[in-house]
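Read off the chains here:
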Amino acid sequence: MNFTRAWRIPAVVLVVAMTPLGLTLAGPYLEKVHRGSFVSHAQLRNWLADGERGLWIQGGNSEWFYARFSAACHGLISTSSLVFDTGSSSNIDRTTLIVLPEGGRCKMQTFAPSAGPPKNRNADVVPEPQTQ
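Residues numbered from 1 in each chain as written. Predicted model: local features only at pLDDT ≥ 70, side-chain atom pairs only at ≥ 80, totals over all residues. Heavy atoms only, no water.

Trainee: Which parts of the structure should I look at to understand the side chain of threonine 96?
Mentor: Looking at where threonine 96 falls in the secondary structure, it is placed in the loop between β6 (91-92) and β7 (97-99). Engagement of the side chain of threonine 96 in a polar contact is seen with the backbone oxygen of asparagine 91, the distance being 3.4 Å. At a separation of 3.0 Å, a polar atom in the side chain of threonine 96 contacts the main-chain amide nitrogen of aspartate 93. Apart from residues no more than four positions distant in its own chain, threonine 96 is found in contact with Phe84, Asp85, Thr86, Asn91, Cys106 and Met108. (Helix = DSSP H or I, 4+ residues; strand = E, 2+ residues; numbered from the N terminus. Polar contact = N/O pair within 3.5 Å; in protein donor to acceptor, adjacent residues only side chain to side chain. Contact = heavy atoms within 4.5 Å.)

Spelled out as structure tokens, the structure:
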């Protein structure tokens, strides 16, 4: 019993001593990624849904970004209009909420630079004549 108690204190001291080192190493990288990946709402050029799991967003400088949602965004694939709820920042980033016309909200999990949508994404789609 005393042997177990004797090892608890050094283990706690070690964990507490290592915590500031871990925060120092990870902190600047996370801030840089968070600040650097955004599109000004005023410069939004285009967006394209990736099914219900993500969204490609094109900024004013023709750079693409990919936003992955924290859960499936039901209804995204069947809409042609979205509202980007950016809060007070007016920047589309990982904190932005996507609001669908029927009222659904989709929360972004990640927002990062991308090469854009695949060029052959519709290669297996067979065009059909339009009926009226």
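Following the structure, the description resumes.
Trainee: Help me understand the sheet that holds strand β8 (residues 105-114), please; the structure alone is not making it clear to me.
Mentor: Picture the strands of a sheet paired through backbone hydrogen bonds; they go either parallel or antiparallel. What the six strands build is an open sheet, ordered β2-β3-β4-β8-β7-β5; its pairing is antiparallel. Edge positions in the sheet fall to β2 (46-50) and β5 (83-85), since each of these pairs with one other strand and no more. With direction set aside, neighbouring strand axes in the sheet form an average angle of 35 degrees. Two strands pair when backbone bridges link them, and strand β3 (residues 54-58) and strand β4 (residues 64-69) are joined in this way by five bridges, in the antiparallel orientation. Across the sheet, the residue bridging to glutamine 58 is tryptophan 64, located in β4. (Pairing = 2+ DSSP bridges. Axes fitted to C-alpha atoms, helices over the stretch in contact; angles between N-to-C directions.)

Trainee: Any chance you could explain the state of the cysteines here in plain terms?
Mentor: Such a bond, covalent and formed between the sulfur atoms of two cysteines, is termed a disulfide. Scanning the model with the defined rule gives one disulfide in all. Disulfide pairing is shown between cysteine 73 and cysteine 106; the S-S distance is 1.8 Å. A torsion of 80 degrees about the S-S bond marks the disulfide between cysteine 73 and cysteine 106 as right-handed. Of this pair, cysteine 73 sits in the loop between β4 and β5 while cysteine 106 sits in strand β8, and the two are 33 residues apart along the sequence. Cysteine 106 matches cysteine 73 in its accessibility class, with the two residues each being buried. (Disulfide = S-S within 2.5 Å. Buried < 20%, exposed > 50% of the residue type's maximum accessible area, 1.4 Å probe, protein only.)

Trainee: Would you explain the environment of alanine 49 in this entry?
Mentor: Tracing the backbone through its elements, the reader meets alanine 49 in strand β2. Between the C-alpha atom of alanine 49 and that of tyrosine 66, which follows or precedes it by 17 residues, the distance is 9.7 Å. Apart from the residues within four sequence positions on either side, alanine 49 is in contact with Gly54, Leu55, Trp56 and Leu76.

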